[in-house]
Structures are given as C-alpha cells and as structure tokens.
Amino acid sequence: MSPSAATHSSDLMEVIAARRSQARMRAGLALGLTLGFGAITGWAWAVAWFCIYAGLQAFEYFVLARRTPPPWAAVALLITNSVVFGVFALAGPLNDGAFGLCCWICLLCGGQLNSALTSQKSRLAFLASSTPFALYLAATPVVALWLGAKPHQAVSIAAAAALIVIFTHMIWRAAARALTAESEARALAEAADAAKSAFVAMVSHELRTPISAILAGAVEAKSARSAKARDSNLELISSSARMMRTLLDDLLDMSKIEAGRMGVEVTAFDLRHLMLETVRFWAPVARRGNLAFRLEGAHSLPAWVEGDPTRIRQVLNNLLSNALKFTESGAITLRMAAEPCPDRTFALTLEVIDTGPGMTAEQIAGLFTAYGQLSDSVARTHGGTGLGLNISRELARLMGGDLVADSAPGQGATFRLSLNLALGEAESPADTAPQEQTGLRVLIVDDHEINRRAFTLILQGAVDSIVTAENGQDALAILARQPFDVVLMDLNMPKMGGLDCTRALRAAAGPNQTTPVIALTASAARSEIDVCLAVGMNAFVMKPVEAAELFGAIERVLDAHEAAAAAVA
C-alpha cells in the first residue's frame, strides 16, 4: 500500500471510529423521526424503517468495537446508512403529496449537511455518505412531476437540489481545510514546544558544565599547595567562564537576528594579522587532536581592508571549531583566496575543509537552521547550542556575502565564506600605540557585590583609586564630593538606575559634570546604546566584561575627554 493510500485508509478508519461513538445519538434521532413523521409516512413503514436503521447503529456500536472493518466494508457501511436514512423520507411524497415532498427534501438536506460535518477528515467517507443523498435529491424533480408539478416548477426544484449538493461540498471543503490547518498549527506548536524544551534542556546542560568546573576549580584553587596547581585551577575557571560567555553571546546574537537588530560595522583592519591570530589560536588545538592544520593561499590576501573584523573572526572561529569537533583523523585546511575587483574591492573566499564523516544532502539542507543539530547523538557527544552555523550565515549575509557548505558521506565537508571587502589604509603607529595612564581614579556603580568585586579585581594594579557604589543615588552623593577620571555605570539598579544617574550628573554643576561615563550593559541593542549616548554616557562595555575590552573603552573615553578639553582651551 502506498503512503498516500495508507493515509486515506487511516483517515477513513478515524471517521468510522468517531461514528461509532455517535451511534446511540443516531438511534435516538431515528426514534424522533419515527414519532414525528410516522403520521405522514405511515406508522407501519416508520416502525419497520426504525428497526432496520437502529439495527445498523447497533451493528456499528457493538460489532465494530471488537473488530476494525477493512476499507471496502467501511465504505459499504457508510453508503448503506445513507441509503436507509433516505428511504424513510421517500414515503413522504408517496403518502402525503407535496407536503411529504417538502419533508423529504428537508430530511435529505439534513443528511447532506451531517455528511459534511462528520466526515471532515476523509474525502472517501464524505463521498460514500453524501452520494446517496445527492442521488435522492436528483430524483426530487421527477417525483415532483409525478405529483403533478409543472415543468418550470420541476426545474426550480432541480436547481435548488443542485445548489444543496454544491453548497454541501463547499461546506465540507471549508471544514476539511480548517481542520487541516488546525492540525498543522497544532503539529507546529507541538514541534515548537518540543524544540523549546529540548533547547532549554540543552542550554541548562551547557551551563551546568562550566559552572561545575568553576565551582570545582575555585575549591581546588583555595586548597592548592603549589603555585602550579593553583594556576591550573585558575585556568580551568577562566576557560569555563569563556565557555559560558560564548553560550551567552550565541543566545544574544540569535535574539538580535530574530528581532532584526543585528548589525555589522565597517572599519579598517589588517586581514593578514587576523588570519595569523586565528591560525595561532586553532593550530595547537588541532595538534592536541593529532590533526594536521594546513594553511593555503595566505600570500594572496591584501593586508589592510575595510569590514567587520570581529564578525569575520566569529564566523571563522565557528567554522574551525566545528571542523575540529567532527574530525577524528586527517587534517583541517584553511584555504584563502582574494581576487581583486575593478572597484577597489577584493572578493575574499575563506574555505574550511575537514576530513570528517561528511554529510548527506538532507543534513546539509537543515544545517543552517536555528537550534539545529545533525542528530541527538551529536548534541550529547559534542555539546553546543546548534546556533553557531545559523548565526554565521546570517552574519555573512549582513556583511554582503554568504556561507555555504559542500559535503558527501565519507568525504569530509567544506564550508565556504564569501565576502567583498574594500581596500583599507594602514593605521599610523601613533594611532595604534597604547598610551600609559597613571593616577586614575575610578568609580564603579553596580548593585551586585560580585560585579563590583570582579571589576575591582580587573582594575586593581592598573589604577590608583577605586571607589564603589550600590546604586545611582549613592553614586551621585560620592560624585558631588570628590573628582573621578572615569565612572563605570550599571544600567539597571534599585533606587536609581544608571540612565537617571547620568542624566542628573550631566545636569548639575560639580567636579564630575563632564567626567566620562562608561555604561556596563548586557544588551548591545542599537536602541539601548542610543539611549545611553543621549543621556550623556560616553561608551559602553558588554557584560560579561573582558579585561581587554574594559581597558580599551577606558583608554578611548580618556583620549576623547582630553581632546575635547584641549579644543576648549
């Protein structure tokens, strides 16, 4: 049996099962018809008909409860029910003329509508139960002529009967479509719920792993007897924290992509240096897995280009991480090519080629879907959110390029990132040389003690004075008494948040009215950044905070503040 035939048979059996549950209701309806129309059809005929029709319902209710009929028997049962039901009304015009004919037509219309409403899941069931009623209605003009109706009256009855049949089919089609749409919506909702549950469970597992490592590393570091053991545990804590940040970044990136708020920047950067840093990071990982790490085509790359180095590095890291994850033996190849274009741009192609198990065409088709993993075993074995490739493709397209995959079972996989980058100009040494900052006074404003301690640990040794505050009100009181060089300001705090605090600081005269304020935020949404800048903040750093990012932001705002002061002077 073909899949389509099996589906039709299953739908038919579902209608039969539903009819069985309504058998007693149909027997009660037959009793009501017998009592209501017995005087018109004749009581003997009505009682005989009731015995036959009630017997059919008893057969459905008792016999079909123990044995499922074959499809042909189910169709025969539906046809027989409709034929027997219509026969009862046929006695109306025979015994009571035109009035009986009207009653017959009403009963046939009711039978047609009942067929449409009880057979929505199966076209075969609908045709089997409605066809006898359609044939009875087709006979009504003939019966009308036999009763003495004029030809034009018979034509009108025929037209009405045809409309009844047509409208019944339309009702069935509309109900069937609505039922199909409801079933599909329910299936999608159930699939979405299942995917959501699986995703929450996976994220929970991914978070528990580094959290467990951090807790274990902290306990061991506290009791470590040697500097080497302590350093090893601190490295475990650091790598686990980076793992958690990667997971958080993926979730935030995915939410921004889905909300249409993801953006890329265009800045001049050294493409060759970026590739070199990437190779230096991943080559030791490959060696630890006994894999060769090959580099091809580096000589073809231009040095300085314009684009988003952070996002290019993110995509490349995702591709290399996946290649190393799924390759047990052989080599990982990073192949680079750049073709000059007439408009002073380069067509950059970066290929990550592995010797892993490869993928089928079906797997490739679902590779870039959000929350996608090739299989449940992949998630169990390798972990990960399944967001990396989807985010990477979206980033590639935001940068005006694309990310595609080629693979076959047993032949490894190739991921190809294509971008068009404009030529850039190298930064002058004066732009890149770090400026030493001494004597810095920093105010940290955050309602969480852990955050205040963390920022203090990052800054201690690099600045001369660190003061902390739990909320905006306390911060304003401190800022009114003593000057600072930089304020690190959390946004969401009790009593007074960071936005209101900065707005009040800028509005009132005092020693820190123009002091640079750096927002500490967990969101990089453009709207939130714009609000921060509008109230007078000078920069923002994403949580969780990396030391390099924090120091970079401090250096930038201090340079801008000094330049503004010099311009005024």
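Residues numbered from 1 in each chain as written. Predicted model: local features only at pLDDT ≥ 70, side-chain atom pairs only at ≥ 80, totals over all residues. Heavy atoms only, no water.

Engineer: For this particular structure, what's the right way to read empty space enclosed by the protein?
Structural biologist: Space left empty within the atom packing is revealed by a probe, the size of a water molecule, rolled over the atoms. Scanning the entire structure with this criterion turns up one cavity of 30 Å³ or more. F37, I40, T41, A89, G92, G100, C103, W104 and L107 are the residues that line the largest cavity. Looking at the lining of the largest cavity, the elements that each hand over two or more residues are α2 (23-41) and α4 (71-118). Here the element with the most residues in the lining of the largest cavity is α4; it accounts for six residues. Partitioning the lining of the largest cavity into residue classes produces six nonpolar, three polar and no charged. (1 Å grid on protein atoms, 1.4 Å probe; cavity = no way out; pocket = protein on both sides within 12 Å on 5 of 7 lines; lining within 4 Å. Points joined across faces, edges and corners; volume = space filled by probe spheres on them. Helix = DSSP H or I, 4+ residues; strand = E, 2+ residues; numbered from the N terminus. Nonpolar A, V, L, I, M, F, W, Y, C, P; charged D, E, K, R; others polar.)

Engineer: Would you explain the layout of surface pockets in this entry?
Structural biologist: Of the volumes computed, that of the second largest pocket is approximately 1100 Å³. Along the wall of the second largest pocket there are 20 residues; nearest its centre are A241, I450, A454, P544 and V545. For the lining of the second largest pocket, the secondary-structure elements that each account for two or more residues are α7 (227-258) and α14 (449-459). Across the lining of the second largest pocket, the residue classes break down as 13 nonpolar, two polar and five charged.

Engineer: It is not clear to me how the environment of T456 should be interpreted in this structure. Could you clarify?
Structural biologist: Position of T456 relative to the elements: it lies in helix α14. With relative accessibility at 22%, the residue T456 sits in the partly exposed group. Between the C-alpha atoms of T456 and L443, which are 13 residues apart in sequence, the distance is 9.9 Å. Ignoring sequence-local partners within four residues, the contact set of T456 consists of I444, I466 and T468. (Buried < 20%, exposed > 50% of the residue type's maximum accessible area, 1.4 Å probe, protein only. Contact = heavy atoms within 4.5 Å.)

Engineer: How do you make sense of the sheet that holds strand β10 (residues 486-490) when you look at a structure like this?
Structural biologist: Strand pairing within a sheet occurs via backbone hydrogen bonds; the two strands may be parallel or antiparallel. Read across the open sheet, the five strands follow the order β9-β8-β10-β11-β12; overall the sheet is parallel. Strand pairing shows two members of the sheet lacking a second neighbour, β9 (465-469) and β12 (539-542), which therefore form its edges. For this sheet, the mean inter-axis angle between neighbouring strands, taken without regard to orientation, is 20°. One ladder, built from four bridges, connects strand β8 (residues 441-445) with β10; its direction is parallel. Residue pairing across strands places I444 opposite L488, the latter belonging to β10. The strands that helix α16 (residues 498-507) touches are β10 and β11 (517-521); relative to β10, the one it contacts most, it runs at about 145°. Its contacts with the sheet place helix α18 (residues 547-568) against β10, β11 and β12, and it is angled at close to 180° to β12. (Pairing = 2+ DSSP bridges. Axes fitted to C-alpha atoms, helices over the stretch in contact; angles between N-to-C directions.)

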